[in-house]
Amino acid sequence: MLRGAIIGVGKIAETGHFPAYIQSSKELDIEIIALVDKSEERLECAKRYFPQANIYNSIEELFADKEVDFVDICLPPFLHKEAIEKCAAKNIHILCEKPLCSDYKDLKEISEALEDKDIVFMPCHQYKYAPVWKEFIKAAETINEKKIFLQFNVIRLNADNGFDNANPNWRTDSKLSGGGISVDTGAHYFYLIKEILGVPYKLFANLYNLKHKDYNAEDSAFITVDMEKGIAQINLTWAGCKRYNSAMLICDELSLFYDGKSIRKIQDGEESIIDVPDMSDKRVYASLYSELIKDFTQRINSRNFSNEGLEEVALVMNMLEMTKQSNFYQNSMHL
Ligand SMILES: NC(=O)c1ccc[n+]([C@@H]2O[C@H](COP(=O)([O-])OP(=O)(O)OC[C@H]3O[C@@H](n4cnc5c(N)ncnc54)[C@H](O)[C@@H]3O)[C@@H](O)[C@H]2O)c1
């Protein structure tokens, strides 16, 4: 049996990770034996899901009392680096929420802490397991020697607050989050477009505050990436009036149109509908986390210590940094 600790038991821990562990622990032969959070209120809440688990206010308190095989880090991004370093130093397997960290400069030190260790490190890049995006990946695999146009639209009304009453707005303070919607949501689409269109080589981005002028981070991001198999356009906004997701994959022989409910597929003039779960529905998240945790535990059990997870987060962090740089240079060009 693998024994694990959840570090940071806030919103995504409760809504995504807890249900996934509760659903799959038996099948995967894992147990959550410890919960760590600075907030007593959050620990009390988490304890109701895992009555058998011990609770701690810090990683140090946990390490002084219990041995764990893996940790699941669900802290805000500015606390990931320290937590990863402490756990890697103890050779504990790590599942870590995205983005890897809030400061691009930390990527090097985190990589050094993880490289060549006999541990599994995996980022929570759970969109790869989503049925809708698996259809997009499958479709792109069948298209050869033709360029594909891929577009994602993610519309939200505002940035989510966290469950930490002492600091609910860390997401819109770029010092704590590393940036606005490009970081919070864009991070997912960067590894996803790589799964669909291969290696990225050029990126162009514009970041704006269309509605939320009080955010200390952009509320909208429009990013275009040139990739091995085509062009990806990622449009993200917290300035909408309705929660909505859509996407399309366009090529003359095959196209997919996703409207948040189903995919309309057009191939050789024939139309068909593929039913998929709504990606803007948060309940869908728990099932994706179950897949992610399954993959993570399988890697631990098979001692698969490849640098795959680290390489994926490094790519995402590099693309996030290019997004900032590109926006900076665009902003310096005015007519
Ligand atoms: N993969 C996804 O789809 C997804 C979705 C939402 C959030 N996230 C990520 O999950 C992470 C957490 O986000 P959230 O929305 O749950 O935030 P949150 O604020 O609700 O939760 C963070 C938790 O960490 C605790 N905490 C803060 N400082 C601490 C410290 N020093 N020591 C111990 N505990 C501390 C807080 O009390 C809180 O319970 C972020 O990295 C976020 O980007 C990922």
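Residues numbered from 1 in each chain as written. Predicted model: local features only at pLDDT ≥ 70, side-chain atom pairs only at ≥ 80, totals over all residues. Heavy atoms only, no water.

### Observations concerning the pattern of salt bridges
We count it as follows: Definition used for salt bridges: Asp or Glu carboxyl oxygen within 4 Å of a side-chain nitrogen of Lys or Arg. For the purposes of this entry, the term helix denotes a DSSP run of H or I that reaches at least four residues, the term strand denotes a run of E that reaches at least two, and both are numbered from the N terminus. Burial classification: accessible surface area is computed with a 1.4 Å probe over protein chains only, and a residue below 20% of its type maximum counts as buried, one above 50% as exposed, and the rest as partly exposed.
This structure, assessed with the given rule, holds 19 salt bridges. For Glu85, the salt bridge identified is with Lys81, shortest N-O distance 3.4 Å. Residue Glu85 and its partner Lys81 are both found in helix H4 (residues 80-89); the two are separated by four residues, about one turn of the helix. Note on Glu85: relative accessible area 26%, which makes it partly exposed. Its relative accessible area of 17% is what places Lys81 among the buried residues. Between Glu312 and Lys128 there is a salt bridge; the shortest N-O distance is 3.0 Å. In this pair, Glu312 is assigned in helix H11 (residues 308-331) and Lys128 in the loop between strand S6 (121-123) and helix H6 (131-142), connecting sequence segments 184 residues apart. For the pair formed by Glu312 and Lys128, the shared burial category is buried. The network of salt bridges with shared partners includes Glu60, Glu82 and Lys86.

### Quick look at the site of the ligand
Selection rule: Definition of nearness: a residue and a molecule or strand are near each other if at least one heavy atom of the residue lies within 4 Å of the molecule or strand. Throughout this description, a polar contact denotes any pair of N or O atoms lying within 3.5 Å of each other; where both atoms belong to protein, one of them has to be capable of donating a hydrogen while the other can accept it, and for residues adjacent in sequence the pair is counted only when both atoms sit in side chains. Note on areas: these come from Shrake-Rupley sampling with a 1.4 Å probe, and a residue is covered only by the protein chains present in the view. Under the convention adopted here, Pro, Cys and the residues Ala, Val, Leu, Ile, Met, Phe, Trp and Tyr are nonpolar, Asp, Glu, Lys and Arg are charged, and Gly plus all remaining residues are polar.
Residues in contact with the ligand amount to 29 residues; listed here are only the nearest, Lys11, Ile12, Asp37, Gln126 and Phe163. Here an oxygen atom of the ligand and a backbone polar atom of Gly10 are 3.3 Å apart. Interatomic distance of 2.9 Å between a backbone N/O atom of Lys98 and an oxygen atom of the ligand. Within the complex, 90% of the 860 Å² of free accessible area of the ligand lies under protein. For the shell around the ligand, the elements supplying multiple residues, two or more each, are helix H1 (11-28) and helix H10 (282-301). Partitioning the shell around the ligand into residue classes produces 13 nonpolar, seven polar and nine charged.

### Here we look at the sheet that holds strand S2 (residues 30-36)
For the record, the criterion: Following DSSP output, two strands are said to pair if at least two bridges run between them. Geometry is summarised by axes, namely lines fitted to C-alpha atoms with helices restricted to the contacting stretch, and by angles between N-to-C directions that run from 0 to 180 degrees.
One open sheet accounts for six strands, arranged S3-S2-S1-S4-S5-S6; its pairing is parallel. Edge positions in the open sheet fall to strand S3 (54-56) and S6, since each of these has one partner strand only. Between one strand and the next, the sheet's axes are offset by a mean angle of 20°, whatever the strand orientation. In this sheet, strand S5 (residues 93-96) lies alongside strand S4 (residues 70-73) in parallel orientation, the contact comprising four bridges. Directly across from Phe70, in S5, lies its bridge partner His93.

### Observations concerning the sheet that holds strand S12 (residues 254-258)
Operational definition: Residue contacts follow a heavy-atom distance rule, with two residues in contact if any of their heavy atoms lie within 4.5 Å.
The sheet built from eight strands is open, its strands ordered S8-S9-S10-S7-S11-S12-S13-S14 with mixed pairing. What marks the edges here is a single partner per strand, and that holds for strand S8 (200-208) and strand S14 (270-275). Between one strand axis and the next, the sheet turns through 10° on average, direction left out of account. Inspection of the sheet shows strand S9 (residues 220-227) paired to strand S10 (residues 230-237) by eight bridges, in the antiparallel sense. Counterpart to Ile223 in the pairing with S10 is Ile234. Relative to the sheet, H6 contacts strand S7 (148-155), strand S11 (244-250), S12, strand S13 (262-267) and S14, its axis offset from that of S12 by approximately 165°. Running at roughly 55° to S8, H11 makes contact with S8 and S9 of the sheet.

### Topic: empty space enclosed by the protein
Rules: Here a cavity is any set of points on a 1 Å grid over the protein atoms alone where a 1.4 Å probe fits but cannot get out, and a pocket is any open set with protein on both sides within 12 Å along at least 5 of 7 lines; a residue lines the site when it has an atom within 4 Å of a point. Grid points are joined across faces, edges and corners, and a volume is the space filled by probe spheres set on the points.
Scanning all chains against the criterion turns up two cavities of 30 Å³ or more. Roughly 70 Å³ of volume is contained in the largest cavity. At three residues, H11 tops the list of elements feeding residues into the lining of the largest cavity. Considering only residue class, the lining of the largest cavity consists of five nonpolar, three polar and three charged. The calculated volume of the second largest cavity comes to roughly 40 Å³. Lining of the second largest cavity is provided by Pro77, Pro99, Trp170, Arg171, Ser177, Gly179, Gly180, Val183 and Asp184. Classifying every residue of the lining of the second largest cavity by side-chain character gives four nonpolar, three polar and two charged.

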